[in-house]
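# Geometric and topological summary
The chain contents come next:
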Amino acid sequence: MVERLREQGIRDEAVLAAMMRVPRHLFVDQGLAYSAYDDTPLPIGYQQTISQPYVVARMIEILRAGRELGRTLEVGAGCGYQAAVLSQIATEVFAVERIRPLLDLARENLRTLRLANVRLKYADGSLGLPEAAPFDTIIVAAGARELPASLKQQLAAGGRMLVPVGSGDQHLTLVERQGNVYRESRFEAVRFVPLLTGTE
Ligand code: SAH
């Protein structure tokens, strides 16, 4: 899988090493384990998916861009895979999920790996996680119609946030905070499940 990521253009060695260390098959249903290292999203139940490895690697690479991830918020923990990858290179990871059974699944998956720097929280992540803000990095694993304002406000000075944005076509959108100026840049097209509000 990591060789293929390299061929697909992922250059950040820290990201590649993190992807190497996290066994993706532990995060999918046993019946799908044979596909765990394919470059494809897979169902994790509740109409949600574990993200495609390339997209996980690419998003973290865009966010890193030669700096440390620091305190990181992930919105949409799903089965916990991306949180596990982030935990390899971030100081601390706060991962938020709005579907209770998925959060429980993530908790179980992450327990197996004994990751000490990941905290999971059952909440509507479109509101961020005010009690743990500000964050150096925010990564949103679900597609938003527009940039969620409360997430922008929870970025630390110099912080960076990456969100799939758009109605219909989604593009990875990077927001960099400098003081009170937010600079936006757009990267490739992606397809994520929708960012919803509330919890269930
Ligand atoms: N990060 C996961 C991908 C999960 S798919 C991985 O590593 O594979 C996206 C997840 O976002 C789903 O589990 C969905 O329930 C969750 N989600 C959608 N809207 C959300 C919200 N407002 N707050 C928290 N989680 C949300």
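Here's what I pulled together on the structure shown here.

Procedures and definitions
Residues numbered from 1 in each chain as written. Predicted model: local features only at pLDDT ≥ 70, side-chain atom pairs only at ≥ 80, totals over all residues. Heavy atoms only, no water. Pairing = 2+ DSSP bridges. Helix = DSSP H or I, 4+ residues; strand = E, 2+ residues; numbered from the N terminus. Axes fitted to C-alpha atoms, helices over the stretch in contact; angles between N-to-C directions. Contact = heavy atoms within 4.5 Å. Phe/Tyr/Trp six-rings, centres within 6.5 Å; stacked < 30°, edge-to-face > 60°. Buried < 20%, exposed > 50% of the residue type's maximum accessible area, 1.4 Å probe, protein only. Lys NZ or Arg CZ within 6 Å of the ring centre and 35° of its normal. Lys, Arg positive; Asp, Glu negative; His and termini not counted. Salt bridge = Lys/Arg side-chain N within 4 Å of Asp/Glu carboxyl O. Polar contact = N/O pair within 3.5 Å; in protein donor to acceptor, adjacent residues only side chain to side chain. Near = heavy atom within 4 Å. Areas by Shrake-Rupley, 256 points an atom, 1.4 Å probe, with all protein chains shown as cover. Nonpolar A, V, L, I, M, F, W, Y, C, P; charged D, E, K, R; others polar.

Moving on: the sheet that holds strand β6 (residues 135–140). Think of a sheet as strands paired side by side through backbone hydrogen bonds, with each pair either parallel or antiparallel. If you walk across this open sheet you meet the 7 strands as β5-β4-β3-β6-β7-β8-β9, and the pairing is mixed. The open sheet has two edge strands, β5 (118–122) and β9 (181–190), and neither has a second partner. Across the sheet, the axes of successive neighbouring strands diverge by a mean angle of 15°, strand direction being ignored. Across 5 bridges, strand β3 (residues 71–75) lies against strand β4 (residues 92–97) in parallel orientation. Paired with V75 across the strands is V96, a residue of β4. Contacts between helix α3 (residues 53–64) and the sheet are confined to β6, β7 (155–165), β8 (170–178) and β9, with β7 contributing the most and set at about 150° to the helix. Across the face of the sheet, helix α5 (residues 100–113) comes into contact with β4 and β5 while running at roughly 165° to β5.

In the structure shown here, the tally under the stated rule is 2 aromatic pairs. Taken together, a centroid distance of 5.5 Å and an interplanar angle of 75° make the contact between F27 and Y81 edge-to-face. One end of the pair, F27, is in the loop between α2 (13–21) and β1 (42–45); the other, Y81, is in helix α4 (residues 81–87), with 54 residues separating them in the sequence. The class of F27 is buried, set by a relative accessible area of 3%. For the pair F94 and F135, a centre-to-centre distance of 5.8 Å together with 65° between the ring planes defines the contact as edge-to-face. Here F94 is found in strand β4, whereas its partner F135 is found in strand β6, with 41 residues between them in sequence. The same class applies to F94 as to F135, namely buried. Stacked on the ring of Y81, the Lys or Arg R24 has its end atom at 5.7 Å from the ring centre. Over the aromatic face of Y182 sits the side chain of K152, whose NZ or CZ is 5.2 Å from the ring centroid.

Once that is clear, we can look at unusual backbone geometry. Residues A133 and P134 are joined by a peptide bond in cis, for which omega reads 5°. Residue placement: P134 occurs in the loop between β5 and β6. Backbone geometry places A65, a non-glycine residue, at a positive phi of 35°. By relative accessible area, which is 52% here, A65 ends up exposed. At R114, a position not held by glycine, the phi torsion is positive, near 50°. With respect to the helices and strands, the residue R114 is situated in the loop between α5 and β5. Using a relative accessible area of 75% as the deciding quantity, one classes R114 as exposed.

A few words on the side chain of R24. Note that R24 resides in the loop between α2 and β1. The charged side chain of R24 is buried without a salt bridge, its nearest counter-charge being D39 at 6.8 Å. Within polar-contact distance, the side chain of R24 engages the backbone oxygen of A36 at 2.6 Å.

The next point concerns the site of the ligand. By nearness alone, 25 residues border the ligand, and E74, Q82, E97, G125 and L196 come closest of all. The contact in question runs from a nitrogen atom of the ligand to an N or O atom on the side chain of D124, over 2.9 Å. In the complex, 99% of the free accessible area of the ligand, which totals 580 Å², lies under the protein chains. For the shell around the ligand, the leading source of residues is strand β2 (residues 48–50), giving 3 residues. Among the residues making up the shell around the ligand, the classes are represented as 13 nonpolar, 8 polar and 4 charged.

In short, shape yes, function no, at least from these values alone.
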